[in-house]
Number of protein chains: 2
Amino acid sequence: MIDAPQNSVFDASGHDHGACIHDALARAETLCQQQGLRLTAIRRRVLELIWENHRPTKAYDLLNTINAERGNAAPPTVYRALDFLLDAGLIHKIESLNAFIGCDAGHGDGHPKFLICRACERVAEIPSPAVDNALAREAKRAGFTIDHETIEIGGTCAACAHRG
Amino acid sequence: MIDAPQNSVFDASGHDHGACIHDALARAETLCQQQGLRLTAIRRRVLELIWENHRPTKAYDLLNTINAERGNAAPPTVYRALDFLLDAGLIHKIESLNAFIGCDAGHGDGHPKFLICRACERVAEIPSPAVDNALAREAKRAGFTIDHETIEIGGTCAACAHRG
DNA sequence: CTTAAAATGTTATATACTAACGATTGAATA
DNA sequence: TATTCAATCGTTAGTATATAACATTTTAAG
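What you see is a predicted model, and the numbers here were worked out from it, not measured in a lab. (Residues numbered from 1 in each chain as written. Chains lettered and ligands numbered in written order. Predicted model: local features only at pLDDT ≥ 70, side-chain atom pairs only at ≥ 80, totals over all residues. Heavy atoms only, no water.)

Caption draft 1: Highlighting the interface of chain A and chain B. Facing the 36 residues of chain A at the interface are 36 residues of chain B. Contact between chain A and chain B buries roughly 2,800 Å² in total, counting both sides, with carbon and sulfur atoms accounting for 61%. The tally of links between chain A and chain B comes to 0 salt bridges. The tally of links from chain A across to chain B stands at 12 residue pairs in polar contact (both at pLDDT 80 or more). Within the residue set of the side of chain A that touches chain B, elements represented by two or more residues are strand S3 (113-117), helix H5 (129-142) and strand S5 (145-156) of chain A. If you tally residues by element for the side of chain A that touches chain B, the top one is S5 of chain A, at 12 residues. Looking at the side of chain A that touches chain B residue by residue, the class counts come to 18 nonpolar, 11 polar and 7 charged. In this structure, S5 of chain A lies alongside strand S5 (residues 145-156) of chain B, joined through 11 bridges in antiparallel fashion. From the neighbouring strand, Ile-146 of chain A faces S5 of chain B, where its bridge partner is Gly-155 of chain B. (Contact = heavy atoms within 4.5 Å. Buried area = accessible area lost by both parts, 1.4 Å probe. Salt bridge = Lys/Arg side-chain N within 4 Å of Asp/Glu carboxyl O. Polar contact = N/O pair within 3.5 Å; in protein donor to acceptor, adjacent residues only side chain to side chain. Helix = DSSP H or I, 4+ residues; strand = E, 2+ residues; numbered from the N terminus. Nonpolar A, V, L, I, M, F, W, Y, C, P; charged D, E, K, R; others polar. Pairing = 2+ DSSP bridges.)

Caption draft 2: Broad picture of the layout of surface pockets. All names here are of chain A. There is about 460 Å³ of room inside the second largest pocket. In terms of lining, the second largest pocket is formed by 21 residues, of which the most central are His-15, Trp-51, His-54, Asp-104 and Val-123. Broken down by secondary-structure element, the contributors of at least two residues to the lining of the second largest pocket are helix H1 (17-35), helix H2 (41-53), strand S2 (99-102) and strand S4 (123-126). In terms of residue count, H1 provides more of the lining of the second largest pocket than any other element does, 5 residues in total. Across the lining of the second largest pocket, the residue classes tally to 10 nonpolar, 4 polar and 7 charged. (1 Å grid on protein atoms, 1.4 Å probe; cavity = no way out; pocket = protein on both sides within 12 Å on 5 of 7 lines; lining within 4 Å. Points joined across faces, edges and corners; volume = space filled by probe spheres on them.)

Caption draft 3: Up close: the packing of aromatic side chains. Counting across every chain of the model gives 3 aromatic pairs over all chains. The lysine or arginine in question, Arg-43 of chain A, covers the ring of Phe-84 of chain A, its NZ or CZ lying 3.9 Å from the ring centre. (Phe/Tyr/Trp six-rings, centres within 6.5 Å; stacked < 30°, edge-to-face > 60°. Lys NZ or Arg CZ within 6 Å of the ring centre and 35° of its normal.)

Caption draft 4: The nonpolar core, seen in detail. Judged by nonpolar contacts, the single largest core of 34 residues is most densely connected at Leu-115, Phe-144 and Cys-157 of chain A together with Leu-115, Phe-144 and Cys-157 of chain B. Once you skip the residues sitting within four places of it in the chain, Phe-144 of chain B turns out to touch Phe-10, Leu-115, Ile-116, Cys-117, Ile-153, Gly-154, Gly-155, Thr-156 and Cys-157 of chain A together with Ala-139 of chain B. (Core = buried A, V, L, I, M, F, W, Y, C linked by side-chain atoms within 4.5 Å. Buried < 20%, exposed > 50% of the residue type's maximum accessible area, 1.4 Å probe, protein only.)

Caption draft 5: Quick look at the protein's contact with DNA strand D. The environment of DNA strand D is formed by 19 residues, the closest being Lys-58, Tyr-60 and Lys-93 of chain A together with Thr-40 and Arg-80 of chain B. Contact between DNA strand D and Lys-93 of chain A: a phosphate oxygen at 2.6 Å from a side-chain N or O atom of the residue. In the model, a phosphate oxygen of DNA strand D is placed 3.5 Å from a nitrogen or oxygen of the Arg-70 of chain B side chain. At the level of elements, helix H4 (75-87) of chain A together with helix H2 (41-53) and helix H4 (75-87) of chain B are the ones that each hand at least two residues to the surface near DNA strand D. No other element matches the 4 residues that H4 of chain A contributes to the surface near DNA strand D. Among the residues forming the surface near DNA strand D, the class breakdown is 7 nonpolar, 4 polar and 8 charged. (Near = heavy atom within 4 Å.)

Caption draft 6: Molecular detail of the protein's contact with DNA strand C. Of all residues adjacent to DNA strand C, which total 19 residues, the nearest are Thr-40 and Arg-80 of chain A together with Lys-58, Tyr-79 and Lys-93 of chain B. Here Lys-58 of chain B contributes a side-chain N or O atom positioned 2.9 Å from a phosphate oxygen of DNA strand C. Those elements giving two or more residues to the surface near DNA strand C turn out to be H2 and H4 of chain A together with H4 of chain B. Among the elements that take part in the surface near DNA strand C, H4 of chain B stands out by supplying 4 residues, more than any other. Residue composition of the surface near DNA strand C, grouped by class: 7 nonpolar, 4 polar and 8 charged.

In short, the description is geometric, and any link to function would need to be established separately.
As structure tokens, this is what we get:
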């Protein structure tokens, strides 16, 4: 009963973290190559740190790490890398946490939506055509054209609820 | 003067702005009286400024205004008033803008959801049981217990789209 | 090679928010 | 009415988040 829950979007069982990071970086390399974008050393390292952390990661935590490694990072160093990664669709910003998380490519064509566990700080990026459709209907009713959706659902994941 | 769009949740036609502010403050007075909360001068003024602006309003804009009026406001002056108003449900925070807007009491029991026009900066608070239900189903599927929803849809309102 | 654009380094500053503690106010009641 | 305790507010200081502006370096294209 202490095991991680099965069949959950938060499920980490069978998760090879090293492979997960590696895959994310490989996907980033491919995407940048395809789009003619430059995944420079700093940008790559920032993306890697975000995936290593595997939780919403703060800009200044990245800054401190990079500084420890290279010694000469200032805020713009990190924010510029983050801006690049956001524009490339390789990370998402969690507005309600002022933090950043890797895009897990699980949301397909829809807008990204996040379940955020306040207990373990993990985030699940979920697809939901039903939510997208409902929002599209509301927007249409209002004559509103959607550019971007910020959908961040805070609460408690199954595993943390079980732990009490 | 900004043109008033027609037939929209953004619709401001037939909108008597003075009455709108007055009504919001009257609702606040009533609610505080009912709940035994104290709508002090600062809190009342902050709420009034937010409604006067009728757009997402930044804490430091409030601070500057209050300072011009009273001369001795510091950040905690404004943030404490904002915390009170948030707790009382009289305003909402728009996370994607780090700004605050009056609660228009239009969302009923559901979680608040916002359509945010990037052109005119106006915000419509929309109810949508369909969205709430779809999210509830997704959460249930994931074994996730929802505490709070941040739903902020950015885009262009009908009036701004028409203006080109 | 040259050069223009992109990326990065660097300094400074703006914006967002909170901790801590003393002073004041106000409502409840001795 | 005086006392008192909690809520509110004033004030100082500090931390966290993010951007402006301009100099320098790197890179890809001509």
